[in-house]
Amino acid sequence: MEVQTPKIVLALDIGLKRIGVAKAIQNIALPLPPILRKNRNQAAKEISQLLLDSKANVLVVGIPMQKRDSALTDEDSLATMQKRIRHFVGLLTIPPHLEVIFLDESFSSFEALQKLEDKKSRKKAHSKDGSLDSLAALVILERYLINFDRIPQSNSKDENNDKQSTRN
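On a predicted model such as this, the values are computed, not experimentally measured, just so you know. (Residues numbered from 1 in each chain as written. Predicted model: local features only at pLDDT ≥ 70, side-chain atom pairs only at ≥ 80, totals over all residues. Heavy atoms only, no water.)

A.B. asks: Just checking my understanding: could you explain the overall build of the chain for this structure?
C.D. replies: If you tally the helices and strands in the chain, you get five helices and six strands. Along the chain direction, N to C, the helices and strands of the chain fall in the order β-β-β-α-β-α-β-α-α-α-β. Residues counted as buried form 42% of the 168 residues belonging to the chain. Summarising the internal contacts of the chain: among those between residues at least 6 apart in sequence, 66% fall at separations of at least 24. Taken as a whole, the chain presents about 10100 Å² of accessible surface, with 53% of it coming from carbon and sulfur. (Helix = DSSP H or I, 4+ residues; strand = E, 2+ residues; numbered from the N terminus. Buried < 20%, exposed > 50% of the residue type's maximum accessible area, 1.4 Å probe, protein only. Contact = heavy atoms within 4.5 Å. Areas by Shrake-Rupley, 256 points an atom, 1.4 Å probe, with all protein chains shown as cover.)

Now the structure itself:
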C-alpha cells in the first residue's frame, strides 16, 4: 500500500509593503502570518525559506488581471503591477518539484473584508500588520481550490520557471 503525500498549497498576495500568505493541506485552507517587506531581497529570502519548510507542492501567486476604477494610478498600471509580481517571483528560490501558478487576484482584498463580520475585525484588517493581506491570500487560495484543484495540472513554459502557468 503506497502512502500518498498530502497536497500542500501555498498562496501569496504580493504587495509593495506586505505579502499575505495562506496555506492549504488536503484542501483545508488557513491564513498564515504575513511577511512584512523591508526590501525585496529580504522578503524573497523569507518566502523561499517558507517554500522549503512547508514542503508545498503548489505555489499560487495572486496577480491582477483587471484594473479597478481608481485603485491603480497611471504610474502603477496593471502591466507594471504584473511585471513587479513576476519579477519578485523570479527572485524566489523555487524547489524543482514546485508548480507555480499565477491566478487572478482581482478584488481579493475587498472579498476578504466582506467576509469579516464585525466592525472591530474590519478595523483591525485595515491596520498595517498585514492581516488583510493574508486574508486576501486566503481568498486567492480558496479560488484555486474551488476552481482549479480538480483540473489536471498543465506544464506551460515560462521564462522564469518551466512549471509556471497563469489561470484566470
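A.B. asks: For this particular structure, what's the right way to read helix H1 (residues 40–54)?
C.D. replies: Side chains that are three or four residues apart share a direction in an α-helix, a result of its 3.6 residues per turn. For H1, built from 15 residues, the straight-helix expectation of 21 Å at 1.5 Å per residue is met to within 8% by its first-to-last C-alpha distance of 21 Å. Those residues of H1 lying buried are Gln 42, Ala 43, Ala 44, Ile 47, Ser 48, Leu 51 and Ser 54. Where the residues of H1 are buried, they touch strand S1 (8–14), strand S2 (18–25), strand S3 (28–36), strand S4 (58–63) and helix H2 (78–91). With its phi angle positive at about 60°, Lys 55 sits one or two positions after the end of H1. (Expected span 1.5 Å × (residues − 1).)

A.B. asks: Looking at this model, I keep getting lost on the packing of aromatic side chains. Mind explaining?
C.D. replies: Note on aromatic pairs: each is described by the distance of the centres and the angle between the planes. The tally for this structure, following the rule as stated, stands at zero aromatic pairs. A cation over an aromatic ring shows up here: Arg 86 above the ring of Phe 102, its NZ or CZ 4.2 Å from the ring centre. (Phe/Tyr/Trp six-rings, centres within 6.5 Å; stacked < 30°, edge-to-face > 60°. Lys NZ or Arg CZ within 6 Å of the ring centre and 35° of its normal.)

A.B. asks: Even after reading the chapter, I still don't get the pattern of salt bridges, so can you show me in this structure?
C.D. replies: Using the criterion set out here, one finds two salt bridges in the structure. Asp 133 is the salt-bridge partner of Arg 18, the closest N and O atoms lying 2.8 Å from each other. Taken together, the positions of Arg 18 in strand S2 and Asp 133 in helix H5 (residues 131–147) put the pair 115 residues apart, joining distant regions of the chain. For Asp 133, a relative accessible area of 14% gives the class buried. (Salt bridge = Lys/Arg side-chain N within 4 Å of Asp/Glu carboxyl O.)

A.B. asks: Any chance you could explain the environment of Val 58 here in plain terms?
C.D. replies: Mapped onto the elements, Val 58 comes out in strand S4. Along the chain, Val 58 and Leu 98 lie 40 residues apart, while their C-alpha atoms are 5.4 Å from each other. Once residues lying within four places of it in the same chain are set aside, the contact partners of Val 58 are Lys 7, Ile 8, Val 9, Leu 10, Leu 98, Glu 99, Ile 101 and Tyr 144.

A.B. asks: How do you make sense of unusual backbone geometry when you look at a structure like this?
C.D. replies: At Gln 26, a residue that is not glycine, the phi angle is positive and equals roughly 50°. Looking at the element boundaries, Gln 26 is found in the loop between S2 and S3.

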